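Examination of the molecular architecture
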Amino acid sequence: MKGIPHSVRLPSLAALGVPVAAHAHGAAAIARDGLWTVWNTDLTVLAPLALTGGLYTVGLCRLRRRVRMGSGIRRREATAFAAGWLALFIALVSPLDALGNELFSAHMAQHEIMMLVAAPLLVLSRPVAAFLWGMPTCWRRRAVAAWRRRPLAGLWHFCRRPLSAWGIHALVLWLWHIPLLFQSAIGNNLVHTLQHLGFLLSALLFWWAMVDRQQGVSNRLLGVFYIFTTAVHTGILGALLTFTASPWYPDYAATAPDWGFTPIEDQQLGGLIMWVPGGAVFIAVGLLSLMRYFQEAERISRQNRDLILAKRE
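Residues numbered from 1 in each chain as written. Predicted model: local features only at pLDDT ≥ 70, side-chain atom pairs only at ≥ 80, totals over all residues. Heavy atoms only, no water.

1. Section: the nonpolar core
Quick note on the threshold: Only buried residues count toward a nonpolar core. Its members are Ala, Val, Leu, Ile, Met, Phe, Trp, Tyr and Cys residues joined through side-chain atoms within 4.5 Å. When accessible area is computed with a 1.4 Å probe and restricted to protein chains, residues below 20% of their type maximum are described as buried, those above 50% as exposed, and intermediate ones as partly exposed. Here a strand is any run of E in DSSP of at least two residues, a helix any run of H or I of at least four, and the numbering for each starts at the N terminus. Only heavy atoms matter for contacts: two residues are in contact if any of them lie within 4.5 Å across the pair.
Counting residues in each nonpolar core, the largest one holds 32 residues, and the members touching the most others are Phe 104, Trp 207, Tyr 249 and Phe 282. Put simply, the parts of the chain that give this core at least two residues each are helix 5 (104–124), helix 9 (162–176), helix 10 (179–186), helix 11 (189–211), helix 12 (217–243) and helix 13 (263–312). Here Phe 282 is in contact with Leu 116, Phe 206, Trp 207, Ile 227, Thr 230, Ala 231 and Thr 234, once residues within four sequence places are set aside.

Spelled out as structure tokens, the structure:
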């Protein structure tokens, strides 16, 4: 995300010998040999990361103390959360964030890491229990009570439906790639933050709906359809970015040549990142979900058959 010019150093980190800066369009360009020294120190990014990581860690420790009482978090879930959290850190704090201010392709890679790596891993970690147990007892009770109230509960019930989650994620994705909106995010901290929140939260919602066990076996097949159609419409957007004859986002025209790209080459690379690796993730997850659907359907069919045979006997 955008921040202070490259020439400005934050005293607290500079005192530790770590040069840090964040570049925005219109500020001094980042030197190639200095890229790895440029880390994002925006508290609107670091504070939520620290809060979620701390809450999860405290909740995990508390639940593990209760494991003898039948509670706890599986190791693979904790590993998934750690990997998802690290992916967010790489996307939002590492020098990739600064490079995303210089190259559209890097900005696209940043978004893909958030939506296709961090979001599904965080959903698979099932972090809600750990977050709740990381809170003080009074806060936990208030949070649960507030969540069960009709407005929030009704909104969540609507949004977690596969069709709703699919539509929200698709709408957010396409709207933010409209040149006017994307351009406004390049040079404005608040809009850039809203863009990242939109991508991350809609992706979390999408993946949550796709793997929600409460949807039932029949809806899992529908989830496979939504995953494949998401691969299609994101592939179309990626193809449009790849084969367009002129740049959609002129702001990158001033910085892309410094990194060895023409503006159109930079945009084409960004489109390919969305189209090929992004599409591959959706297809792989869709095929895996389809396989699990058939396995679950076969298991239920076997159980029903055994039940019928048992009744006949």
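The discussion continues.
2. Some words on unusual backbone geometry
Excluding glycine, a negative phi dihedral is what most residues carry, and trans is how most peptide bonds are arranged. Backbone geometry places Arg 126, a non-glycine residue, at a positive phi of 50 degrees. For Arg 126, the position within the fold is in the loop between helix 5 and helix 6 (128–134). Overall, Arg 126 belongs to the partly exposed group, its relative accessible area being 44%.

3. Overview of the confidence of the model for the protein
Predicted coordinates in areas of low pLDDT are best not read in detail. This is how the line gets drawn: pLDDT: the predictor's confidence for each residue, scored from 0 to 100.
On average, residues of the protein carry a pLDDT of 83, and 85% of them reach 70 or more. Per-element averaging of pLDDT across the protein places helix 1 (residues 11–14) at the bottom with 34 and helix 5 at the top with 96. Per-residue pLDDT stays below 50 along residues 1–28; that stretch engages in 63 contacts with residues further than four places along the chain or on separate chains.

4. Examining the pattern of salt bridges
Spelled out, the test is: We define a salt bridge as a side-chain nitrogen of Lys or Arg found within 4 Å of a carboxyl oxygen belonging to Asp or Glu.
Applying the stated criterion across every chain yields a total of two salt bridges. Note that Arg 74 is salt-bridged to Glu 77, the shortest N-O span being 2.9 Å. Residue classification places Arg 74 among the partly exposed residues on the basis of a relative accessible area of 37%. What makes Glu 77 buried here is its relative accessible area of 8%. A salt bridge links Arg 126 to Glu 77; the shortest N-O distance between them is 3.7 Å. Of this pair, Arg 126 sits in the loop between helix 5 and helix 6 while Glu 77 sits in helix 3 (residues 75–92), and the two are 49 residues apart along the sequence. Salt bridges sharing partners connect three or more residues here, namely Arg 74, Glu 77 and Arg 126.

5. Points about the packing of aromatic side chains
Put simply, the rule is: The aromatic pairing rule takes the rings of Phe, Tyr and Trp, using the six-membered ring of Trp, and pairs them if the centres are within 6.5 Å, calling planes under 30 degrees apart stacked, those over 60 edge-to-face and the rest tilted. Note on criteria: charge over ring means Lys NZ or Arg CZ within 6 Å of the ring centre, with the direction from the centre no more than 35 degrees off the ring normal.
Counted according to the given criterion, the structure contains 17 aromatic pairs. Of the aromatic side chains, those joined through ring pairs into one cluster are Phe 104, Phe 182, Trp 248, Tyr 249 and Tyr 252. The ring of Trp 133 is capped by Arg 140, whose NZ or CZ atom sits 4.1 Å from the centre of that ring.

6. Thoughts on the side chain of Asp 266
Locating Asp 266 in the fold gives a position in helix 13. With near-sequence residues (within four places) excluded, Asp 266 lies in contact with Leu 103, Phe 104, Ser 105, Tyr 252, Ala 256 and Phe 261.

7. Quick notes on the side chain of Thr 234
Assignment of secondary structure puts Thr 234 in helix 12. Those residues within four positions of Thr 234 in sequence are excluded, and the remaining contacts are Leu 173, Met 274 and Phe 282.

8. Considerations on the packing of helix 3 against helix 5
To keep things clear, this is the line we draw: Helix axes use the C-alpha atoms of the stretch in contact, all axes being lines fitted to C-alpha atoms, and the angles between their N-to-C directions lie in the range 0 to 180 degrees. Here the angle decides the label: under 35 degrees means roughly parallel, over 145 means roughly antiparallel, 65 to 115 means roughly perpendicular, and every other value means oblique. It is the rotation of the near helix from the far one that decides the hand of a crossing: anticlockwise by less than a right angle makes it left-handed, clockwise makes it right-handed. Gly is put with the polar residues, along with every residue not named as nonpolar or charged; the nonpolar set is Ala, Val, Leu, Ile, Met, Phe, Trp, Tyr, Cys and Pro, and the charged set is Asp, Glu, Lys and Arg.
Two elements in contact, helix 3 and helix 5, have axes whose closest approach is 7 Å; the angle formed by their N-to-C orientations is 160 degrees. Classified by the angle between their axes, helix 3 and helix 5 sit roughly antiparallel to one another. In the crossing of helix 3 with helix 5, the sense of the turn from one axis to the other is left-handed. Facing helix 3, whose interface residues are Glu 77, Ala 80, Phe 81, Ala 83, Gly 84, Trp 85, Ala 87, Leu 88, Ala 91 and Leu 92, helix 5 presents Gln 110, Ile 113, Met 114, Val 117, Ala 118, Leu 121, Leu 122 and Leu 124. Broken down by class, the residue content of the contact of helix 3 with helix 5 amounts to 15 nonpolar, two polar and one charged.

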